[in-house]
Amino acid sequence: MSGRDSGLEEAETASGFSDLSDSEFLQIEEPEAGDSEKPSSSLGPPAESEGGDVAKGSVLETGKRKRSHVPLEIFHLRYLSVTDISAQVWCEQQMVYRRELPDLTPPENIVLLNTGKSIHLARELEDHDLVTVSTTSREDSWAIKVLNLLVMLSVLQAGHRVREFPVFGVLEDIFVVGVIDQLGYTPKGELELNELKTRNNASMPSAAQKKRDRFQVFLYKYLFDAMVRGCLAPDSFLQRLHLRPEQPLGPQVQEQARKSGFTVSCFCDLLELLSLNLTHCDIPAIDRLQIEYVHQDSGAALGTEVLAYDQDEVGAAVRYFLAYWKGQRDSRGVDVEDAWKCRYCAYSGICEWRMGKAGSPAEQWKKSK
Ligand code: SF4
């Protein structure tokens, strides 16, 4: 499973919100070290022969503003999700406002997210059960993500399908996490990534929405391929996320690891296992990328997009988008040809980018007012 869209077409088109990856929004909270026990994460054993799962990625930490021009520091973020970066494809400025002013998020977007979560959760439960595991530290929370990855690697290696596959990587010096909807093998033996997008309207998405979906899927492949090539240094969990290697894992996490076939007592034990598994796995790079669009109410298939991967394109886009997070450039709103997006944007009344462009002679901006 993995949520994405669904919802009001007008809202979808207007806000670009619908296709955000709710599998990543479903991510578990990360209690800070020393927090009291918190039953926040879940991890499931394989159902039948297929993959166990699932603690989702991340709830990003926010707090008081520092005097900094680096958005990662301003927002107190140790990592980004694929969802964060994909949102920049639609409108980077809107993504910034959503983070700065979450109270302005339209209620219909919350409905869209919740609906998407339910649909994707239902799909996920077709493959495996979810188990709630109490966590007592940030290391526990990340341990569950790593455990899910270890379990799914072995399921995938055995030739089975997995859902909600976590991916991690360091891009442009920033730790990035994501959750792939589904990975499985085609009859020809190709490794296929399938991204499910449910839609409120019984129609295929606009070109602008497809563009964002395409980037999201490209980014998943980018991260996955690097991981199975052994490019993910386990130390990056410690250095980027400031996790403590010797932190003992909570009893429920250790027990869940044991049930999955791993004996671990502290976070670095898991990282060693991860390093071993990624170094020695013979899982190939993803061969085939597709996005499946489904009508939310009827479940009818709306269409499937098979994507031709372009590594140079995704690499250039990642560099451009992450430059904002590193404070190397200011955030940008939409270009003039996409001014129609402003018409329904929840932030159009306060958007300085739009106001700055409103005097533009371009017809599109006049129409967006
Ligand atoms: Fe982006 Fe337009 Fe919304 Fe500003 S008003 S945040 S430019 S979509």
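Residues numbered from 1 in each chain as written. Predicted model: local features only at pLDDT ≥ 70, side-chain atom pairs only at ≥ 80, totals over all residues. Heavy atoms only, no water.

Draft legend 1. Spatial organisation of the pattern of salt bridges. Tallying each qualifying case throughout the model produces 15 salt bridges. With its nearest N and O atoms 2.9 Å apart, the salt bridge here joins R244 to E139. Of the two residues, R244 sits in the loop between α8 (235-241) and α9 (251-259) while E139 sits in helix α6 (residues 138-157), which places them 105 residues apart along the sequence. The salt bridge involving D338 is made with K341; its shortest N-O contact spans 3.7 Å. Because the salt bridges share partners, they merge into one network encompassing E195, K197, R212 and D213. (Salt bridge = Lys/Arg side-chain N within 4 Å of Asp/Glu carboxyl O. Helix = DSSP H or I, 4+ residues; strand = E, 2+ residues; numbered from the N terminus.)

Draft legend 2. Structural view of the packing of aromatic side chains. In this structure the tally under the stated criterion is 15 aromatic pairs. Taking the centre distance of 5.5 Å and the plane angle of 25 degrees together, the rings of Y97 and Y347 count as stacked. Of this pair, Y97 sits in helix α4 (residues 82-100) while Y347 sits in the loop between α11 (311-325) and α12 (352-357), and the two are 250 residues apart along the sequence. Each member of the pair, Y97 as well as Y347, is classed as buried. Between W142 and F175 the ring centres are 6.1 Å apart and the planes differ by 80 degrees, which places this aromatic pair in the edge-to-face class. (Phe/Tyr/Trp six-rings, centres within 6.5 Å; stacked < 30°, edge-to-face > 60°. Buried < 20%, exposed > 50% of the residue type's maximum accessible area, 1.4 Å probe, protein only.)

Functional significance is not addressed by these values, which are geometric in nature.
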